[in-house]
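Letter by letter, the chains look like this.
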Amino acid sequence: MQHDKVLILDFGSQYTQLIARRVRELNIYCEIHPYNKIPTSIEAYKAVVLSGSPQSVRGDDALHPDLSEIRAKKPLLAVCYGAQYLAHFSGGNVAPSNTREYGRANLSFIQKEELFFDGISEGSQVWMSHSDTIKTLPTNGVLLASTHDVENAAYKIEGEQTYAIQFHPEVYHSKDGKTLLKNFLVKIAGLQQDWTPDSFVEETVADLKAQLKNDKVVLGLSGGVDSTVAAILLNKAIGKNLYCIFVNNGLLRKNEFSSVLKQYEGMGLNVKGVDASARFLDALAGIDDPEQKRKAIGRVFIEVFDDEAHLIKDVKWLAQGTIYPDVIESVSATGGPSATIKSHHNVGGLPDFMKLKVVEPLKALFKDEVRRVGASMGIDAQLLGRHPFPGPGLAIRILGDITAEKVRILQDVDAIFIDGLREWDLYDKVWQAGAMLLPVNSVGVMGDERTYEKCVALRAVESTDGMTADWVNLPYEFLQKTSNDIINKVKGVNRVVYDISSKPPATIEWE
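Here the structure is a predicted model, which means the values were calculated and not measured.

Scoring rules and cut-offs
- Residues numbered from 1 in each chain as written.
- Predicted model: local features only at pLDDT ≥ 70, side-chain atom pairs only at ≥ 80, totals over all residues.
- Heavy atoms only, no water.
- Buried < 20%, exposed > 50% of the residue type's maximum accessible area, 1.4 Å probe, protein only.
- Helix = DSSP H or I, 4+ residues; strand = E, 2+ residues; numbered from the N terminus.
- Pairing = 2+ DSSP bridges.
- Axes fitted to C-alpha atoms, helices over the stretch in contact; angles between N-to-C directions.
- Disulfide = S-S within 2.5 Å.
- Phe/Tyr/Trp six-rings, centres within 6.5 Å; stacked < 30°, edge-to-face > 60°.
- Lys NZ or Arg CZ within 6 Å of the ring centre and 35° of its normal.
- Contact = heavy atoms within 4.5 Å.
- Polar contact = N/O pair within 3.5 Å; in protein donor to acceptor, adjacent residues only side chain to side chain.
- Core = buried A, V, L, I, M, F, W, Y, C linked by side-chain atoms within 4.5 Å.
- Salt bridge = Lys/Arg side-chain N within 4 Å of Asp/Glu carboxyl O.
- Expected span 1.5 Å × (residues − 1).
- Parallel < 35°, antiparallel > 145°, perpendicular 65-115°, else oblique.
- Left-handed = near helix turned anticlockwise from the far one by under 90°.
- pLDDT = per-residue confidence, 0-100.

(A) The arrangement of helix α10 (residues 367–376) in detail. Counted residue by residue, α10 has seven buried out of ten residues, so it is predominantly covered. Those residues of α10 that fall on the buried side of the exposure criterion are K367, D368, E369, V370, R371, V373 and G374. Two residues or fewer past α10, G378 is found with a positive phi of approximately 80°.

Structure, rendered in structure tokens:
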């Protein structure tokens, strides 16, 4: 099946991936490519979007895309930096704002007859994030919208299907952002909305069959959503040639090794459990740097899978449940100018000594898309609703070096927190939750005796894909009971705090 495709050119904005999510929510397929690596097969795309950027079009280091095969030849939507770029280099004028324009704003003027703003009213809230402003429009520019502080908030180029906006329709705070994107992509550019979970399954299974043929594949299961959905897709494609391995790295939640193995019973998968906890803890001994911990865990995972693969005759592939946020947080988005945030243990290919090729059926999907694909294949809703859990496990929730005793403490704390969320009917209202063991001891009093024990931080966030997240306002009564239970039942902890940081600027995990 052929789908209409949207090309998103990335200028390094942290919001670029949100543009992709919003486009895909419209059941339209899109791809992100660096602004300076435009695909040669540009005819394959029916519309193009230019992202924002932390750069300034006025700077010596301004990012210059070659739009010769796009401008006036394809429907083009320029967002923030893209809008300023079209203005600055096409006869308009961009200058520094008197004050940085960041946050909520409202459209005070709209060209109501424009299809671009169909269904959007004056007063609609939008999100601004820029320090430059468009003073005069480019040649043949026509004003479409203004806010109280930004006169040229949106414009089009006469004689082209080129539209530009100073605000960000992709972020949640732009209340009619999805409507505006639909107006541009569907009503103006004429794209079909036929990229659905069912179509993804059908096409991915067909692609896997063609790619893998009769080869054997070993897959690392984690018990989470991503690896499980990847396993079901691969099982549909190659059946008995799929060998699933669930590794106990000693950093799982309490009793998770046995419970996950039980979870997979009856799913038609060939699953083997491997307890390598001592091997991982030995490799982590004395390491306190978060990046070094991730790399050590990744190395041992590879070694364990290599050992297990050698026990299966003629295995040629290693499958992973890597998803899009893993990739874009480990390296710049498809090689673009975005900054690296952190590395992921399952991203970056395999070492030379390992003779397996990598297959990643979910690497283009966001977490919410993975869940929708899983639901379309009939995977149990309780499994699909499970909170994300980091691949390195509790190693990146224990700040500092890793010991078996620290793991034991955090497993007990985490169990009380997560079980409590379920008991209070809060689990499904939270996107991800966990506890962090801090490298801090504090003075306490227990039974009239002085204690000097560990502090733990509880974290619960709401999100859709992990790219942005807000802390959850859990009931005080719940936090009070959870804190009391942890301090009374977990030996070694005498203080509990609650993390109220949002992402950005903080990440969901502490390391």
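(B) Quick look at unusual backbone geometry. Cis geometry marks the peptide bond from K503 to P504, where omega comes out at -15°. Mapped onto the secondary structure, P504 falls in the segment after β18 (493–498). Its identity is not glycine, yet N140 carries a phi of approximately 70°, on the positive side.

(C) Structural context of the sheet that holds strand β13 (residues 315–319). As summarised here, the arrangement of the five strands in space is β12-β11-β10-β13-β14, forming an open sheet in which the pairing is parallel. Edge strands, defined here as strands with exactly one partner in the open sheet, are β12 (271–275) and β14 (357–359). Each adjacent strand pair in this sheet contributes to an overall mean axis angle of 30°, direction not counted. Two elements, strand β10 (residues 216–221) and β13, share four bridges in a ladder whose sense is parallel. If you follow V218 over to β13, its bridge partner there is L318.

(D) Fine view of the state of the cysteines. A full pass over the atoms with the stated rule returns zero disulfides. Free cysteine: C30, not disulfide-bonded; nearest cysteine sulfur from C80 at 19 Å.

(E) Representation of the packing of aromatic side chains within the structure. One pass over the structure, following the stated rule, counts 15 aromatic pairs. Among the aromatic residues, those joined into a ring-pair cluster are F11, Y35, Y81, Y85 and F89. Note that K5 overlies the ring of Y45, its terminal NZ or CZ placed 4.8 Å from the centroid. Here the basic side chain of R422 rests over the ring of Y427, its NZ or CZ set 4.2 Å away from the ring centre.

(F) Focus on the pairing of strand β7 (residues 141–147). As judged from the four bridges shared by β7 and strand β8 (residues 154–157), these two strands associate in the antiparallel manner. Within the sheet, the bridge partner assigned to G141 lies in β8 and is I157. Hairpin connection from β7 to β8: six residues lie between these consecutive antiparallel strands.

(G) Here's a closer look at the side chain of S146. Mapped onto the secondary structure, S146 falls in strand β7. If sequence neighbours within four positions are ignored, S146 has contacts with N106, L107, S108, F109, E151 and A153.

(H) Looking closely at the environment of Q193. Counting through the fold element by element, Q193 comes out in the loop between α3 (177–188) and α4 (197–212). Under the relative-accessibility criterion, Q193 is labelled partly exposed at 34%. Between the C-alpha atom of Q193 and that of E25, which follows or precedes it by 168 residues, the distance is 9.5 Å. For Q193, the contacting residues outside a window of four places in its chain are L26, N27, I28, K182 and V186. Looking at Q193, its side chain comes within polar contact range of the main-chain oxygen of L26, at 3.0 Å.

(I) A look at the nonpolar core. Of all hydrophobic cores here, the largest spans 51 residues; its most connected members are V413, L421, L474 and I486. Setting aside residues up to four positions removed in sequence, I486 forms contacts with V413, I416, V456, L458, V493 and V496. Residues Y15, A20, A189 and F366 belong to the second largest nonpolar core, which totals 44 residues.

(J) Up close: the pattern of salt bridges. Inspection of every chain in the model, using the stated rule, returns 29 salt bridges. Between R21 and E25 there is a salt bridge, with the nearest N and O atoms lying 2.9 Å from each other. Separated by four residues within a single helix, R21 and E25 lie in helix α1 (residues 16–25), roughly one turn from each other. By relative accessible area, R21 is classed as buried at 4%. Of the charged contacts in the structure, one is a salt bridge between K254 and D412, with a shortest N-O distance of 3.1 Å. Of this pair, K254 sits in the loop between β11 (242–248) and α6 (256–263) while D412 is found in helix α12 (residues 404–423), placing the two residues 158 residues apart along the sequence.

(K) Looking closely at helix α13 (residues 476–489). Along its 14 residues, α13 runs 20 Å from first to last C-alpha, staying within 8% of the 20 Å computed at 1.5 Å per residue. Taken together, the buried residues of α13 touch α12, β16 (449–462) and β18.

(L) Region of the structure containing the packing of α12 against α13. Viewed as axis vectors pointing N to C, α12 and α13 meet at an angle of 150°, and their least axial separation amounts to 10 Å. Relative to α13, the element α12 is oriented roughly antiparallel. The interaxial crossing formed by α12 with α13 has right-handed handedness. Every residue of α13 that contacts α12 at V413, I416, F417, G420 and L421 is listed here: F478, T482, D485, I486 and K489.

(M) View of the pairing of strand β3 (residues 47–50). Alternating positions in β3 separate into two faces, A47 and V49 on one and V48 and L50 on the other, with burial throughout. With four bridges joining them, strand β1 (residues 5–10) and β3 adopt parallel strand pairing. Along β3, the bridge assignment pairs V6 with A47. Pairing of β3 with strand β4 (residues 76–79), which is carried by three bridges, proceeds in the parallel orientation. Residue pairing for β4: V48 is matched across the bridge by L76.

(N) How the structure looks around the environment of G224. Note that G224 resides in the loop between β10 and α5 (225–238). Expressed as a C-alpha distance, the spacing of G224 and L383, which sit 159 residues apart in the sequence, is 7.3 Å. Here G224 is in contact with Y264, L383 and R386, once residues within four sequence places are set aside.

(O) Spatial organisation of the confidence of the model for the protein. Across the protein, pLDDT averages 89, with 93% of residues at or above 70. In this model residues 331–349 is a low-confidence stretch, pLDDT under 50, and it forms 60 contacts with partners more than four residues away in sequence or in other chains.

(P) Spotlight on the environment of K37. The residue K37 is located in the loop between β2 (29–34) and β3 in this model. On the basis of relative accessible area, K37 is assigned to the exposed category, the value being 52%.

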